[in-house]
Each structure stands twice: as structure tokens, then as C-alpha cells.
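Summary of structural features
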Amino acid sequence: MVRNAQDAPEVGELTPPDRTLMGPGPSDVHPRVLRAMSTPLVGHLDPSFIELMNEVQELLRYTFRTDNQWTIPVSGTGSAAMEAAIGNVVEPGDTMLVPTNGYFGGRMESMAERAGGEVVRVDAPWGEPLDPADVEAAFDEHQPDVFGFVHAETSTGVKQPDVPELTGIAHEHDAYVIADCVTSLGGVELRVDEWGVDVAYAGPQKCLSCPPGASPLTLNDRAMDKVLGRENPVRSWYLDLSLLEGYWGEERAYHHTAPITNVYALREALRLVAEEGIESRWERHLDVARALKAGVEAMGLEMNAPDEYWLPSLNAVRVPDGVSDGEVIQALLDQYDLEIAGGLGDLSGDIFRIGCMGYSARPKNVSYLLSALGDVLDEKGAAVDVEVGLSATSDRLG
């Protein structure tokens, strides 16, 4: 039956399920962040909101470990911050070197091409980091203007080691460095200034445990000078940093209506980072993820990434032989209200992606996850020992 367009739709009260979010994002939102989102709106040019904007920028600088003046939340999801970074820095005719070792390197490539850039690639298999020798060889061959890499690859569970070595290679060739820090900011060691990163972006819904909608971005003076000196305007009006300068810079002039409630949420999430201390927060994520990893391995499962580039905030676990990842993921949702995810791209069907991020990176969540995952895998015929896994996790958690 087709409803008459003039009839009011019958939609009930909002009652989303109460999930435990242990996938690749979003993570569980801290109660204080939810409370911040319920506070009254003010205008996006209200003096009180302008003061709040200053606070958010200072908190972001602390979290990124940078003194960059140009540190802002982009109005949009993490992909908006990604497109702002690439679309502003990459000009028509520029060459950008992008990685092939994960899904989000491919997204970098697509955005660079849309910005009018020519893309060249530095190759590495999915599940492995970039080799600095390969990066240097690609620079020698192609002389790119911009180099992008993914610090924490959400699709593979790999953390890029040797970041200063990569940025050093790029700067020796006078290239700009753009780092995808979506799954590392606030949960994995990241030092933008010390490591020589020119541009970094992130999403708020991962290790910051904040709903998506206002996404961190930072550029140093060198990168911002390139943006402001462009011959051609940025193709996106909305994400044009030369225009956003008027709103987030000293002038505070109207550009667009900021997502006020999302900025409230981000401010509170960043306050939690500052209260915990950024280095203590990195350590907490590492400790809880080590307990998760110990339990997974003791249970009889295998991690996808070797220890030397294992990503604590996103644990890629190999799917046991004879088991359907989709059936396990659905059973966890149906029976336990627990969310994890499967693999993407080259790793589709081969891995479970288990987040250990922000407010979700708590001992009780890890114990619940291991118990539920072990029970479901046992039901599906996998050779797992749930009790041994839980014991190993408990030993790690102390």
C-alpha cells in the first residue's frame, strides 16, 4: 500500500539498541560527552561560543602535541577533515604519493585525484606498514609534491612505525606530509610537531569517544602558506581553509553555521583527554589492548599484525578456518548487543576488526567481548578455549 504524501507518517519514539561498541568506530560515548550535548544551544557567533572555540583549539593542540595556530574542528565527519586536508594542500598539477597498504590509502588517492592532483603510489601489502626504503625510492623516481600516509590503518590493524623517518624523507624532497590519524588521535602515541607532520586529521568517534560531526585538523605554517598562496581556488567552497580562516582565525567572521552541539561534545571529550593526561591515555589504551590481545591469542586465535606494528586501538584478528565472519558478527549483535566488524578490501572475510578505543577501552568491555566472542566461535565449531583466554586477559588486567 502506498501512503498518501499528505498523511503524517507514524513514527514512534526513538529507542536505539543499547550496544557495546567494540568495532572500528564509533566507540562508546562517555556519559559526560552525552550530557554536554544536551546543554542549550547558543549562536555560532555568540561571544560565549567564540570563547568555547578558543578552548577547543587549545585542547586540540594539546592532543595533537602541536603548537600549530591552524588547529580546528572541521564541520563534518572524519572524511570531511580528510578532504579538507588533501583538497586544500593538493593543487591541480601537484603530484601526491599515496600508500597502497590499506583501504584509506585508496581514499587518499581518490580525493587527491578529485583535487586535480596526479597520484603515484608506494606499494606495500595490506597488513604491512610502509617500508621507508620503498618510500625513498618512490620519491627519487616521482619527486612528489605531497606525501600522504595512514598512521593507524583502520582496515588492517597496522600502526605505521618510523614516522619521523618517513617525514624526513619527504622533507628532504621539499614535499608536504599529510597524516591520517583517524584511529590514533587520543589513543596511540602521536607527536605532530616532533615527528615533522605538516598536516594531520582525525575523526572524533574513535579514540576520543565523541559522536561524529566535528573532526580535528591541524596544519603548520608551511602548509598553511601553501594553502593561502594557491593560484586556483579550492574546489570545495565549504572546506576551503582560506575562507574558514575568517571564522576560526582572529576575525571570527561568518562562514557557515558550525555544528554547535558537536563542538560542545568535542570540547568535553578533549577535556577528558586533558584530565587523564595524553601520555597516560596512550598508556591506558596500550594496557587494555594488551589484555585483549593476550586473551585472543590464549583462546587460540591469531592476530593479523605482528607485534612490531600491531595497532592497539584497532585489533585485527584472523577469522578461524571454517567460520563465517558475517555469521559471528551478526550473532554478537543479536545475542550480546555487541558490535565488532569484518575486514575490508583485500582482507574482507579474513579478519575481525575489534576496536579498543576511548571509553570503550575499559577492562569490563574487554572481558565481555572475549567471553561473548569465544562463546559464539565455540557455537560455530571453532577450536577456542574461552576460559584460558579470559584467564590470560585477567592476568594482564591485574
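Residues numbered from 1 in each chain as written. Predicted model: local features only at pLDDT ≥ 70, side-chain atom pairs only at ≥ 80, totals over all residues. Heavy atoms only, no water.

Notes on the environment of E327
To keep it simple, the criterion reads: Under the scheme used here, helices are H or I runs from DSSP no shorter than 4 residues and strands are E runs no shorter than 2 residues, and both carry numbers assigned from the N terminus.
Residue position: E327 is located in helix α11 (residues 325-336). In the structure, E327 is positioned 49 residues away from V376 in sequence and 9.3 Å away in space, judged by C-alpha atoms.

Comments concerning the state of the cysteines
For the record, the criterion: A pair of cysteine sulfur atoms is labelled a disulfide when the two atoms are within 2.5 Å.
Counted under the stated rule, the structure contains 0 disulfides. Cysteine C207 shares no disulfide, and the gap to the nearest cysteine sulfur, in C356, comes to 8.8 Å. The thiol of C210 is unpaired, and the distance to the nearest cysteine sulfur, on C207, comes to 13 Å.

A closer look at the pattern of salt bridges
It is possible for side chains bearing opposite charge to pair when their charged atoms get close. Just so we agree on the cut-off: By salt bridge we mean one thing: a side-chain nitrogen of Lys or Arg within 4 Å of a carboxyl oxygen of Asp or Glu. Buried residues are those whose accessible area, probed at 1.4 Å on protein chains only, stays under 20% of the maximum for their type, while exposed residues exceed 50% and partly exposed ones sit between those limits.
Inspection of the entire model under this criterion finds 18 salt bridges. The partner of D94 in a salt bridge is K226, and the shortest N-O contact between them spans 2.8 Å. Placement of D94 in the loop between α3 (78-89) and β3 (95-99) and of K226 in helix α7 (residues 221-228) is noted, with a sequence separation of 132 residues between them. Across the pair, K226 and D94 agree in class, each one buried. Ionic contacts of the salt-bridge type, sharing partners, join the residues R32, E268, R271 and E275 into one network.

Digging into a nonpolar patch on the surface
Let me state the cut-off plainly: A residue counts toward a patch only above 30% relative accessible area and without a salt bridge, and it is joined to like-charged neighbours within 9 Å or, for Val, Leu, Ile, Met, Phe, Trp and Tyr, to nonpolar neighbours within 5 Å. Here the open area of atoms and residues is found with the Shrake-Rupley method and a 1.4 Å probe, where only the protein chains shown may cover a residue.
On the surface, W237, Y238 and L243 cluster together into a nonpolar patch covering about 310 Å² of accessible area. Within the secondary structure, Y238 is located in the loop between α7 and α8 (241-248). Relative accessible area serves as the criterion here: at 36%, Y238 is assigned to the partly exposed category.

Describing helix α12 (residues 363-379)
The following threshold applies: The length a helix should cover is 1.5 Å for every residue beyond the first. Should any heavy atoms of two residues lie within 4.5 Å, those residues are considered in contact.
The first and last C-alpha atoms of α12 sit 24 Å apart over 17 residues, in line with the 24 Å expected at 1.5 Å per residue. Restricting attention to buried positions, one finds in α12 the residues N365, V366, L369, L370, A372, L373, G374, V376 and L377. In this structure, the buried residues of α12 make contact with β1 (20-21), α10 (278-299), α11, β12 (338-339), β14 (351-355) and α13 (386-397).

Topic: the nonpolar core
In summary, soluble globular proteins display a tendency toward joint burial of nonpolar side chains. For clarity, the cut-off: Residues grouped as a nonpolar core are buried Ala, Val, Leu, Ile, Met, Phe, Trp, Tyr and Cys residues, joined through side-chain atoms within 4.5 Å.
The biggest cluster of nonpolar side chains holds 82 residues, and the ones touching the most others in it are F147, L217 and L219. With 9 residues, helix α9 (residues 260-276) is the largest single contributor of residues to this core. Apart from the residues within four sequence positions on either side, F147 is in contact with L97, L130, V135, F139, L166, A170, Y176, V177 and I178. Membership of the second largest hydrophobic core comes to 33 residues, among which are L286, M303, L332 and A361.

Digging into a negative patch on the surface
For clarity, the cut-off: Here the positive residues are Lys and Arg and the negative ones are Asp and Glu; neither His nor the chain ends is included. The location of each charge is read from NZ of Lys, CZ of Arg, CG of Asp or CD of Glu.
A cluster of like negative charges, contributed by D123, D131, D134, E136, D140, D162, E165 and E172, occupies part of the molecular surface. When residues of the negative patch are assigned to their parent elements, the largest contribution, 3 residues, is made by helix α5 (residues 132-142). Positionally, E172 belongs in helix α6 (residues 163-172).

As for the sheet that holds strand β13 (residues 341-342)
Pairing between the strands of a sheet is mediated by backbone hydrogen bonds and can be parallel or antiparallel. Note the threshold: The criterion for strand pairing is that DSSP finds at least two bridges linking the strands in question.
Pairing is antiparallel in the open sheet, where 3 strands are placed in the order β11-β14-β13. Unpaired on one side and paired on the other, β11 (314-318) and β13 mark the two borders of the sheet. Where β13 and β14 come together, 2 bridges link them in antiparallel fashion. Of the residues in β14, the one forming a bridge with A341 is R353.

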